[in-house]
Amino acid sequence: MNRFLFAVFSVFCLIGPASAAPDESPVEAAKKLISAWCRGDIETIKADCNPRHPFLEPGYDFKPLLDGIRHTGKYTGELEDLQVVRVLTPQNGLKTVVFRMRFSKGVYQGMLHLTGENRFTGYGGPFLEKGPDLPELNKEQMLADYDHMVSVLREAMPHDLAIREAFGIDVWRKLEEYRSRITGKESPVEFAVLLQRALASCKGHHLWLDTLDGMLDSEGYKEIYSESIPPETARIGHATLMLVRYSFPNVRPAPLRFQYWDGNYYTAPEFTFDGKTYRGPLKLTAVDGRSPEELEPLVRDRLFEFDPKKRRFYGPEFYASAPSSAPGRRTFEFTKPGGGTLSLTIPDDAEIPEKQMTGTVFGIPKQVLFLKEHQLVYIRVPSMNPADLPFYEKELKPILEKERPRYAVIDIRGNGGGSDSVPMTLLEMLSANPIQFKGMLATPANARIRDYMKRRGRDFSDNANVRRIPFLADREFDVQEFTITMKNGENASAEHVYVIAHDVYSAAGTLVAIAKGSEHVTAVGFPGTKMLGMGIDPYHFALPNSKLIISVEPAVDLSNCRSAADTLHLDIEVELPMSAEEHFACQSHPVPADCRSYLENEDPFMQKIFGLIRERETAANRNSEQSRFRQTDTE
């Protein structure tokens, strides 16, 4: 099975005592070790290895690793240069040195993981173990693959009109633009990178190069894809994608990273350049004489977050792919928090330390807390992982049985999705009221997608569900109207469930969608920055020559929609108003592992929910009083 070495070594990152720690700095140690790795010099790695690493176990077989290094070298070439990008020091005690690795056949990003004593404990980078050979294509074959991709997307991608209406992007014109960039001289990885960028520029739903590597032995693969994407094709597509994922973007370095809020970019609260510390956040007004608004159309293809109010895409290194007025440096113009302006000319290779933001709200681990004063149970859900459901059930049961909380909060900040079963199961555990969600999904009514849906167990061949959707150019779709009823569990006691939503995607968006359609659930947060709404498993297809695999969401969520843009479901039920200062204070606020006090006293999302609860109870008391008075008058 093909896989990245990073995946192989992730289980080897063990922390333990080290003997005779090397004298080198983390950067020096990492340079020596990563060079040794690329040469296949296992003895050098073993000499400075974490004592608990499997490499030091008697009889460890290095042959597969050495074979993989040699095989990968066919596509990367020889290592020519290492440049440090940054040194990360996460809370697990490891140091991660991130490199830009220049090989004779391309530039990749690599990472070396060190213990606190600078001992080798893991590597991430371009590496294929037991990988197949990648097809070398001529221009005719590349164009044939590209045209096949566009042809399939025209059948399988239902969001193109919504993307044009909401984002201002003509998907088909954008794809034609990238087609014109094919020269026929691209290596397998370069061709794949071109396709990945073309797909990314379209801002589609689950639209990217993908892999089926982890499901080749599953029944789902056998039933749906074994004919259209046979195992050998899947392995080649996976191998190419693994190299793509570690290929370094062909853009200039971005010495400054920015935070975006409400149409503006800001620096970190504190950073150091040329020996001087600057305290902000400083508001960016121009890069090389051009405002961020002027730059955005030039760099939009590489930006992935969307501000629906300002109708702009943004990203922390948004300017990196834009041309500059001077080689090797850029000039940034700022306004200071207290007034006045500042201009900094910064070399591209400058290292600018920022005050690290650790332990923020996005890092709150999964947990369940009972806030007695508010009669509220708080559930932190960082991902929609079904394997976590037993944990939540175990933690919730004694609270629900003994305390009978009247309210519940499900915190999904930073949740990138997973399985729809998680939010639905949590609502059943919590809500004292049955929650009913009425939805409408539609898939293109053509032979390709109907075959896919039939393999998934839904046959639309009788045309009984075909409808023309007026706001989607009267195109024909197979429409599924459905009602999902989440019955209250045995111990469920919450009169109302609140959802904290910020920076969510996929199955996390399902919970936001349920909240919009239920009187017993309310979502609080910010509008979506990525396409949300309910869907089905993405459709995958392979290109005939390169064997690259592409995914796309074939279903469009028509629930409560009156326009194409509505199908992106970017709105939020209760938006939390915040100034830039309040937003960055919230984002950078350190949150201790025991976050109870922060939630009760400082978290602006929770304070908003407490206010909504007070409003709810005041209204309930008022209605009760009015009912009592009416009853008295009647008597």
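See the structure shown above.
So, how was this worked out
Residues numbered from 1 in each chain as written. Predicted model: local features only at pLDDT ≥ 70, side-chain atom pairs only at ≥ 80, totals over all residues. Heavy atoms only, no water. Buried < 20%, exposed > 50% of the residue type's maximum accessible area, 1.4 Å probe, protein only. Helix = DSSP H or I, 4+ residues; strand = E, 2+ residues; numbered from the N terminus. Pairing = 2+ DSSP bridges. Right-handed = clockwise from strand over helix to strand, strands pointing away. Contact = heavy atoms within 4.5 Å. Axes fitted to C-alpha atoms, helices over the stretch in contact; angles between N-to-C directions. Core = buried A, V, L, I, M, F, W, Y, C linked by side-chain atoms within 4.5 Å. Arc of directions from axis to C-beta. Polar contact = N/O pair within 3.5 Å; in protein donor to acceptor, adjacent residues only side chain to side chain. Salt bridge = Lys/Arg side-chain N within 4 Å of Asp/Glu carboxyl O.

A. Local environment of the pairing of strand E21 (residues 496-501). The element E21 is extensively covered by neighbouring structure, given that six of its six residues are classed as buried. Of the two faces of E21, the one holding His496, Tyr498 and Ile500 and the one holding Val497, Val499 and Ala501 are both buried throughout. With five bridges connecting them, E21 and strand E22 (residues 521-525) associate as parallel partners. Among the inter-strand pairings, valine 497 is bridged to a residue of E22, identified as valine 521. For the crossover from E21 across helix H15 (residues 507-516) to E22, the handedness is right-handed.

B. Quick peek at the side chain of threonine 360. Among the structural elements, threonine 360 can be located in the loop between strand E14 (341-347) and strand E15 (367-371). Judged by its relative accessible area of 13%, threonine 360 falls in the buried class. With sequence-adjacent residues up to four places away left out, threonine 360 is seen in contact with Gln587, Ser588, His589 and Val591.

C. Representation of the sheet that holds strand E5 (residues 208-210). Read from one edge to the other, the open sheet built from three strands follows the order E5-E24-E23, with strand pairing classed as antiparallel. Of all strands in the sheet, those with a lone pairing partner are E5 and strand E23 (539-542), marking the two edges. If you compare each strand with its neighbour and ignore which way they point, the axes differ by 40° on average. Relative to strand E24 (residues 549-552), E23 is paired through four bridges, and the arrangement is antiparallel.

D. Quick look at unusual backbone geometry. Backbone torsion omega between glycine 280 and proline 281 reads 5°, so that peptide bond is classified as cis. Even without glycine at this site, arginine 404 takes up a positive phi of about 50°. Counting through the fold element by element, arginine 404 comes out in the loop between helix H12 (389-402) and strand E17 (407-411). Judged by its relative accessible area of 38%, arginine 404 falls in the partly exposed class.

E. Structural detail: the nonpolar core. Tyr146, Met149, Phe167, Leu175, Ile379, Ile410 and Ile412 are the most contacted members of the largest nonpolar core, which has 171 residues in total. Within the second largest apolar cluster, 30 residues are counted, among which are Ile500, Val524, Cys586 and Cys595.

F. Inspection of helix H14 (residues 447-455) at higher detail. Taken together, the buried positions of H14 are Ile449, Arg450, Tyr452 and Met453. Mapping the buried residues of H14 onto a view down its axis gives an arc of 160°, with all of them on the same face. More than 90 degrees from the buried face of H14, the exposed residues found are Ala447 and Lys454. In this fold, the buried residues of H14 make contact with helix H5 (139-156), helix H9 (219-224), strand E18 (435-444), strand E19 (466-469), strand E20 (475-486) and E23. The backbone nitrogen of arginine 448 has a side-chain oxygen 3.2 Å away, supplied by the residue at the start of H14, namely asparagine 446. Glycine 457 sits one or two positions beyond H14 and adopts a positive phi of about 100°.

G. Spatial organisation of the pattern of salt bridges. According to the stated counting rule, one finds 38 salt bridges in the structure shown. A salt bridge links aspartate 48 to lysine 32, with the shortest nitrogen-to-oxygen separation between them at 2.5 Å. A residue pair is termed long-range when its members are at least 10 positions apart, and aspartate 48 in the loop between helix H3 (42-47) and helix H4 (63-76) and lysine 32 in helix H2 (residues 26-39) qualify at 16 residues. Accessibility expressed as a relative area gives 31% for lysine 32, which makes it partly exposed. Aspartate 133 is paired through a salt bridge with lysine 74; the nearest N and O atoms lie 2.4 Å apart. Linking aspartate 133 in the loop between strand E4 (120-124) and H5 with lysine 74 in helix H4, this pair joins segments that are 59 residues apart in sequence.

Nothing here speaks to function; it is geometry throughout.
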